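Tertiary structure, described
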Amino acid sequence: PFSTCLFTLFVVLLALSTRESQRQVIFRLNVFAICLVLTMGVLVGFCNGKAILGQSYWVLESVPTAGIAFTVFSPLLCNSMPLTRLFSLYLPSSTHPATLLKIYAFPFCIKCARVAVLMRYLVDI
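A low pLDDT means the predicted coordinates there should not be read in detail. Per-residue pLDDT for the protein has a mean of 78; in total, 88% of the residues score no lower than 70. Within the protein, the element-level pLDDT minimum falls on helix H5 (residues 80–89), averaging 72, and the maximum on helix H2 (residues 19–22), averaging 86.

Where nonpolar side chains cluster on the molecular surface, the patch consists of Phe-73, Val-115, Met-119, Tyr-121 and Leu-122 and spans about 450 Å² of accessible area. In terms of residues, the nonpolar patch owes the most to one element, helix H6 (residues 97–124), which gives 4 residues. Residue position: Leu-122 is located in helix H6.

It is worth spelling out the side chain of Ser-17 at this point. Examined against the element boundaries, Ser-17 turns out to sit in the loop between helix H1 (2–16) and H2. Of the polar contacts made by the side chain of Ser-17, one reaches the backbone oxygen of Leu-14; its length is 3.2 Å. Residues contacting Ser-17, with those up to four places away along its chain left out, are Gln-22 and Phe-27.

What counts and what doesn't
Residues numbered from 1 in each chain as written. Predicted model: local features only at pLDDT ≥ 70, side-chain atom pairs only at ≥ 80, totals over all residues. Heavy atoms only, no water. pLDDT = per-residue confidence, 0-100. Helix = DSSP H or I, 4+ residues; strand = E, 2+ residues; numbered from the N terminus. Patch = residues over 30% accessible without salt bridge, like charges linked within 9 Å, V, L, I, M, F, W, Y side chains within 5 Å. Areas by Shrake-Rupley, 256 points an atom, 1.4 Å probe, with all protein chains shown as cover. Salt bridge = Lys/Arg side-chain N within 4 Å of Asp/Glu carboxyl O. Polar contact = N/O pair within 3.5 Å; in protein donor to acceptor, adjacent residues only side chain to side chain. Contact = heavy atoms within 4.5 Å.

What follows is the structure, given as structure tokens:
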């Protein structure tokens, strides 16, 4: 169900965008994020559907591995989208450094915490 909502969002995004907005980096990142999550939804749905039907022996070993990789690493990429939006709104060249520190400190700490948790998980495996 979530993937179908994203597909509709993808179609609306393409339909309502102009040529100028399609040239912006944030538009391309949004399209990339939607495609990434759609791919993850298809992989996870395929693996879960095969397991529910009792036909998991038909699934190649690489398919669940790819699904797990998308599930673990895609949040790191998708969480970069709001940070990129902040960079496009508050340009470092035209914004006071104290203001930049106030704006970017919290998202940067969240990003570092996610990377640290992921590294801790990968090291424990």
